[in-house]
Amino acid sequence: MRPLNSLPTPTLVDGQVTIRRPEAGDAATVLAGTRDPLVREFMQGVIPHQDLASAERWIATVPPLLWAQGRAAYFSVALGDGAAVGWAELVDLRPAEGAAEAAVWLLPAARSLKVASAALRLLCRFGFEQLELGRIDAYAAAENMPVQVVGAYIGFRRAGYRSELFRSSRTHRLHDAVYATLTPEDLC
């Protein structure tokens, strides 16, 4: 696995979907995402920003710091050259295993198989081609079928089931999770 902090944040494009370095202008999207009921229900550790200034500070400090430390790769998801409509991330980077965990969320107006699968595919391509990962993992709440469909659409294979794996950021309810994995040769 290539060290994340040795790479610049790229801009990757798949049709009309772009993943790129988060910028200050993406703060409204981050603010909306951290307040979105579905994002908060099905992602762990999502704390709603108090206001736009809080989201701007977070974008300016956290993603660059974790990238520099080699701990996480964060991207804004945009349609073409337009405003951000979501977020993509590779976290839990495990150099000894050559593995990481992927996650993508989109604002309601952008939620579609086309946009979600393109964003996830770009994120995984970055992980395989730039970081030279051998495997990317993903977890989805068992009842969150749209996320499971998006993963399967680009080649993720179901690898297991874990009871009460993560706690909802919104309701604090424990969710059972479906575990899926993707290798470079399986990416569609």
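Residues numbered from 1 in each chain as written. Predicted model: local features only at pLDDT ≥ 70, side-chain atom pairs only at ≥ 80, totals over all residues. Heavy atoms only, no water.

Chemist: Is there a simple way to explain the environment of Glu164 in this structure?
Modeler: Along the polypeptide, Glu164 turns up in strand S7 (residues 157–167). Note: C-alpha distance between Glu164 and Leu174 (ten residues apart in sequence) is 5.0 Å. Excluding residues that lie within four positions of it along the chain, Glu164 makes contacts with Leu174, His175 and Asp176. (Helix = DSSP H or I, 4+ residues; strand = E, 2+ residues; numbered from the N terminus. Contact = heavy atoms within 4.5 Å.)

Chemist: Is there a simple way to think about the pairing of strand S2 (residues 17–20) in this case?
Modeler: Residues in a regular strand point their side chains to alternate faces of the sheet. With burial as the criterion, each face of S2 is covered, one bearing Val17 and Ile19 and the other bearing Thr18 and Arg20. Sheet topology note: the strand S1 (residues 12–14)/S2 ladder contains three bridges and is antiparallel. What sits directly across from Asp14, in S2, is Val17. Following S1, the chain reverses through two residues before pairing antiparallel with S2; Gly15 in that reversal takes a positive phi of roughly 65°. Direction of pairing for S2 relative to strand S3 (residues 73–79): antiparallel, over a ladder of four bridges. Among the inter-strand pairings, Arg20 is bridged to a residue of S3, identified as Ser76. (Buried < 20%, exposed > 50% of the residue type's maximum accessible area, 1.4 Å probe, protein only. Pairing = 2+ DSSP bridges.)

Chemist: Got a minute to help me understand the pattern of salt bridges in this structure?
Modeler: Where charged atoms of side chains with opposite charge meet at close range, the side chains can pair. Counted by the stated rule, this structure contains 14 salt bridges. Across the pair Arg94 and Asp92 runs a salt bridge, and its minimum N-O distance is 2.7 Å. Classification of Asp92 as partly exposed rests on a relative accessible area of 41%. Here Glu97 makes a salt bridge to Arg135, at a shortest N to O gap of 3.0 Å. Taken together, the positions of Glu97 in the loop between strand S4 (84–94) and strand S5 (99–106) and Arg135 in strand S6 (residues 135–141) put the pair 38 residues apart, joining distant regions of the chain. Take Arg135: its relative accessible area is 23%, and that puts it in the partly exposed class. Residues participating in the shared-partner salt-bridge network are Asp92, Arg94, Glu97, Arg135 and Asp137. (Salt bridge = Lys/Arg side-chain N within 4 Å of Asp/Glu carboxyl O.)

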